[in-house]
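Chains, contacts and geometry: an overview
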Amino acid sequence: MENQKDNFSKRTFFFLSAVALILILSVFILILRNKNRQKDLTEKLTNQISPTVTTQFLNRGYLKIIAPKTQFAKEEEIELEIVGDSSGEEITGFDIIVAYNPQIIEFKKATSLLEDFKLFSFSEKGNISLTLIKDLKSQAPTVFSNAKLIKLFFLSKTDGEGEVLILPKLEKKETFLVNKNTEKIYPSLSSYKITVK
Amino acid sequence: MNKFKIIFLFFLAIVFFISLFYYINLYLTRTRAGASSVTFSFLSEKINLNIGQIREIQLLAQFQNGSALEKIDYLKVVLNFPQDILELVDYIDTSSSGLGRQMRVDGPQAANSGGQIVIELGAQAPGSGPTTENPLILAKIKFKGKVGGKGQLSIVNAQVVNNTSVEITQIYKKNIMIYVSQLCESDEYCGPNAFCQNSFCVCNPGYYNCDTDDNNWQNGCESTTECSDFSPPPPFSSGAATLNLKLKFQGIMQQPTNNNQRVMRVKIKLDGGLLPEPLATESAFLLTQNRNSDTDPYIWQGIVNLPSSLIAGNNYYILVKGPKHIQKRICTNSPTETSPGSYRCFSGNITLLEGVNNLDFSKVYLLAGDLPVSGGQDGVVNSLDTSYIRNNLGKTDPEVLAIADLNLDGKIDTQDWSLVIAALSVRADEE
């Protein structure tokens with residue numbers, strides 16, 4: 001009788017242990033599955049948020065302002081040129097912000113010195129925003145190698161000294177080149193000092 | 001034996017605590033960000049039909065602050081309709097809802113006996129339902145006019161549960177009026193300046209029946225000027241205001257073949273009036289079949305829920321920014337322009353009232369050009385936007401189309417290029 005009771009207890013114990021083991025395993029499997037599902041969702045969401053080429057930001061090349069002279073008389077036309085180098089990158093468009101002292105000089109116009117690039121200029125008092133985009137028909141690769149890009153025309157107004165600067169950023173606008181992979185390239189920038197007297 | 005019992009009890013304790021932890025983690029403490037509210041409405045502001053005529057009415061759900069991660073697992077809507085003038089004529093089509101399990105969808109017999117329709121839907125499996133990111137067309141319901149009269153199609157009850165078993169408790173409901181025109185037997189029935197034609201009252205040329213109740217012919221066609229479409233709908237929640245906005249995006253001259261392109265998320269910013277600071281929100285807009293003329297782009301329509309703290313008043317202005325577009329500042333309830341993109345305004349003159357505010361911005365263009373190239377828009381049309389189109393010309397990949405297919409024709413082409421070039425004249429977001 002005692003033996004039968006002992007056997008029954010043993011059987012119950014093994015049965016309950018097996019149930020407990022199955023439960024533990026099930027819980028672990030469920031947790032693992034849930035984690036994988038969340039990982040998949042996160043990956044899916046990340047893909048949805050940035051579905052394409054995330055724009056890369058590269059620091060290379062330069063943009064600078066040059067002119068034959070630095071001193072100008074009153075009411076003399078001032079011609080400045082923007083020269084650039086893309087450090088071997090093929091360029092499909094670029095934006096430049098130029099700032100100047102409107103007390104001393106007055107902006108007149110800007111022209112593109114690149115045959116394949118059309119220029120859109122927006123002038124506000126003291127700064128000019130220039131956007132150059134490559135003609136859709138032009139298939140020839142464009143790599144700037146100390147190339148003359150834009151000519152700026154100013155008129156001197158009153159005596160004084162001032163700088164014409166290429167700004168890296170102004171409000172939402174930025175100075176950058178864009179390569180054929182739609183990557184932004186931030187070149188090093190410079191300024192040009194002028195004197196009117 | 002005692003040793004075994006201790007081990008056994010230890011096992012049981014572990015199982016219990018792990019199960020408890022898992023249950024709490026799954027059902028009680030998970031507070032993923034989800035939609036803050038849902039608005040149930042119909043894709044029409046009012047419905048006119050004749051006796052015997054069948055009209056399809058679409059029931060819509062729009063989520064505020066929804067996300068691609070949050071999915072709908074369960075949804076129930078109860079509608080009341082005026083059974084004395086209307087009858088449900090067909091089984092309700094819920095295939096566009098994305099919820100594949102019909103738990104209860106009343107058919108004509110059940111609905112017509114009590115003037116009530118219950119639509120109860122579930123996802124095929126937990127987490128497999130539609131996301132709250134975009135609006136859902138829950139049901140397409142076909143009614144037939146029985147006798148002349150008017151009545152309200154109202155949403156009396158609604159319940160939405162997401163895939164984390166969280167109920168979206170803030171629910172807005174927008175009801176609509178339905179008018180069924182009475183048949184006439186003689187000209188006398190139609191009143192002055194009207195006549196009876198094929199059992200329907202028709203106004204004499206130059207006269208209009210502009211009564212609030214379109215079925216009222218007792219005073220005939222009382223107006224000599226065209227009726228205004230505006231009919232103020234009832235406020236749906238005390239103190240709250242909604243914008244029912246119509247927009248027009250440059251270049252969308254044809255219906256896209258891809259259904260994903262029929263929904264556009266638009267940023268809306270409200271300022272001026274009595275606001276201490278701007279209210280910014282984002283809403284989904286649906287492409288309609290309507291346009292102002294055959295040469296005009298199609299109109300997009302969306303509903304923007306504003307917080308109840310908003311005070312009804314004048315002098316508001318609204319900034320509207322599409323996902324590939326330049327931000328536009330709009331200062332009147334129904335602005336117009338002479339040439340595309342030429343509308344400009346400075347001082348806000350928009351009047352907002354409690355309830356639904358119908359704002360028709362479909363007569364001004366929202367210019368395309370500020371593409372979400374680097375995962376977001378930069379507020380300016382520049383060489384990055386033009387270069388993206390140039391460098392992806394001819395492509396049809398969905399991820400590229402999502403960024404630069406401006407006319408929604410399913411490919412990146414010279415038309416998209418031209419649209420950006422045209423927008424270069426405006427250049428930056430209006431503030």
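Residues numbered from 1 in each chain as written. Chains lettered and ligands numbered in written order. Predicted model: local features only at pLDDT ≥ 70, side-chain atom pairs only at ≥ 80, totals over all residues.

**Some remarks on the overall build of chain B**
Within chain B, the regular secondary structure consists of five helices and 21 strands. Considering chain B as a whole, with its 431 residues, one finds that 36% of them fall into the buried category. (Helix = DSSP H or I, 4+ residues; strand = E, 2+ residues; numbered from the N terminus. Buried ≥ 20, exposed ≤ 12 C-beta atoms within 10 Å, placed from the backbone.)

**With respect to the overall build of chain A**
For chain A, the count of helices and strands is one helix and 14 strands. Looking at the 197 residues of chain A, the share that counts as buried comes to 27%. Sequence separation of 24 or more characterises 77% of the internal contacts of chain A that already satisfy a separation of 6 or more. (Contact = placed C-beta atoms within 7 Å.)

**Side note on the packing of helix H3 (residues 383-391) of chain B against helix H5 (residues 414-423) of chain B**
Residues and elements named next belong to chain B. The contact between H3 and H5 brings their axes to 9 Å, and the two run at 170°. Accordingly, the angle class assigned to the pair H3 and H5 is roughly antiparallel. When H3 is examined against H5, the residues Asp 385, Thr 386 and Ile 389 are found in contact with a partner set consisting of Asp 416, Trp 417 and Val 420. When its residues are assigned to classes, the contact of H3 with H5 shows three nonpolar, one polar and two charged. (Axes fitted to C-alpha atoms, helices over the stretch in contact; angles between N-to-C directions. Parallel < 35°, antiparallel > 145°, perpendicular 65-115°, else oblique. Nonpolar A, V, L, I, M, F, W, Y, C, P; charged D, E, K, R; others polar.)

**A word on the environment of A:Asn101**
Relative to the elements of secondary structure, A:Asn101 occurs in the loop between strand S4 (91-99) and strand S5 (105-112). Along the primary structure A:Asn101 and A:Leu165 are separated by 64 residues, whereas in three dimensions their C-alpha atoms are 9.6 Å apart.

**A short note on the interface of chain B and chain A**
Facing the 34 residues of chain B at the interface are 36 residues of chain A. Residue assignment for the side of chain B that touches chain A shows that the elements contributing at least two residues are helix H1 (2-28), H3, helix H4 (398-404) and H5 of chain B. Looking at the side of chain B that touches chain A element by element, the count peaks at nine residues for H1(B). Partitioned by chemical class, the residues of the side of chain B that touches chain A number 20 nonpolar, ten polar and four charged.

**Details of the pairing of strand S18 (residues 313-321) of chain B**
Residues and elements named next belong to chain B. Here six bridges tie strand S15 (residues 263-272) to S18, and the two strands are oriented antiparallel to one another. Residue pairing for S18: Gly 272 is matched across the bridge by Tyr 316. Where S18 and strand S20 (residues 350-352) come together, two bridges link them in antiparallel fashion. When the bridges of S20 are listed, Gly 313 appears paired with Leu 352. Pairing of S18 with strand S19 (residues 328-330) involves three bridges; the strand directions are antiparallel. Each residue of the ladder has a partner; that of Leu 319, found in S19, is Arg 329. (Pairing = 2+ DSSP bridges.)

**Quick word on the nonpolar core**
Formed by 87 residues in total, the largest nonpolar core has its most connected members in A:Ile96, A:Val98, B:Leu247, B:Ile318, B:Val320, B:Ala404 and B:Ala423. A per-element tally of this core places S4(A) first, with five residues. Apart from the residues lying within four places of it in its own chain, the contact partners of B:Ala423 are B:Ile326, B:Leu367, B:Ala368, B:Gly369 and B:Val381. B:Ile119, B:Ala123, B:Ile155 and B:Ala158 belong to the second-largest nonpolar core, a separate cluster that totals 36 residues. (Core = buried A, V, L, I, M, F, W, Y, C linked by C-beta atoms within 7 Å.)

**A closer look at the sheet that holds strand S10 (residues 171-173) of chain B**
Residue and element names in this part refer to chain B. Within the open sheet, the five strands sit side by side as S5-S8-S3-S1-S10. Their pairing is mixed. Every other strand in the sheet has two partners, leaving strand S5 (86-88) and S10 as the edge strands with one partner each. Recorded for the sheet is a direction-independent mean angle of 25° between the axes of neighbouring strands. Bridge count between S5 and strand S8 (residues 136-145): three bridges; the pairing is antiparallel. By the bridge assignment, Leu 88 is partnered in S8 with Phe 143.

**Let's talk about the confidence of the model for chain B**
Residue and element names in this part refer to chain B. Of all residues in chain B, 90% attain a pLDDT of 70 or more, and the chain-wide mean is 83. Note that pLDDT drops below 50 for residues 28-32; the model gives that stretch six contacts with residues more than four away or on any other chain. Both scores are given for the predicted complex: the pTM is 0.58, the ipTM 0.72. (pLDDT = per-residue confidence, 0-100.)

**Structural notes on the confidence of the model for chain A**
Of all residues in chain A, 83% attain a pLDDT of 70 or more, and the chain-wide mean is 84. Throughout residues 38-54 of chain A the model reports pLDDT below 50, and contacts reaching past four residues in sequence, or to other chains, amount to 15 contacts.

**Examining H3(B)**
Because each turn of an α-helix spans 3.6 residues, side chains separated by three or four positions end up pointing in the same direction. Of all nine residues in H3(B), nine are buried, a share of seventy percent or more. Those residues of H3(B) hidden inside the fold are in contact with S4, strand S7 (127-134), strand S12 (176-179) and strand S13 (184-189) of chain A together with H4 and H5 of chain B.

**Some thoughts on unusual backbone geometry**
For A:Asn146, which is not glycine, the phi torsion reads 50° and is therefore positive. Inspection of the secondary structure puts A:Asn146 in the loop between S7 and strand S8 (147-156). When the 9 C-beta atoms within 10 Å are taken as the criterion, A:Asn146 is described as exposed. Non-glycine residue B:Arg427 carries a positive phi angle of around 75°. Structurally, B:Arg427 is set in the segment after H5.

**Some remarks on the environment of B:Phe8**
Structurally, B:Phe8 can be placed in helix H1. On the neighbour-count criterion, B:Phe8 (16 C-beta atoms within 10 Å) is partly exposed. Residue contacts for B:Phe8: discarding those within four places in its chain leaves A:Phe13, A:Leu16 and A:Ser17.

**What to know about H5(B)**
All names here are of chain B. Listed in full, the buried residues belonging to H5 are Asp 416, Leu 419, Val 420 and Ala 423. Viewed end-on, H5 has its buried residues packed into an arc of 95°, placing them on one side of the element. Buried residues in H5 make contact with H3 and H4. (Arc of directions from axis to C-beta.)

**Notes on the environment of B:Thr295**
Tracing the chain through its elements places B:Thr295 in the loop between strand S16 (279-287) and strand S17 (299-306). Its 7 C-beta neighbours within 10 Å are what place B:Thr295 among the exposed residues.

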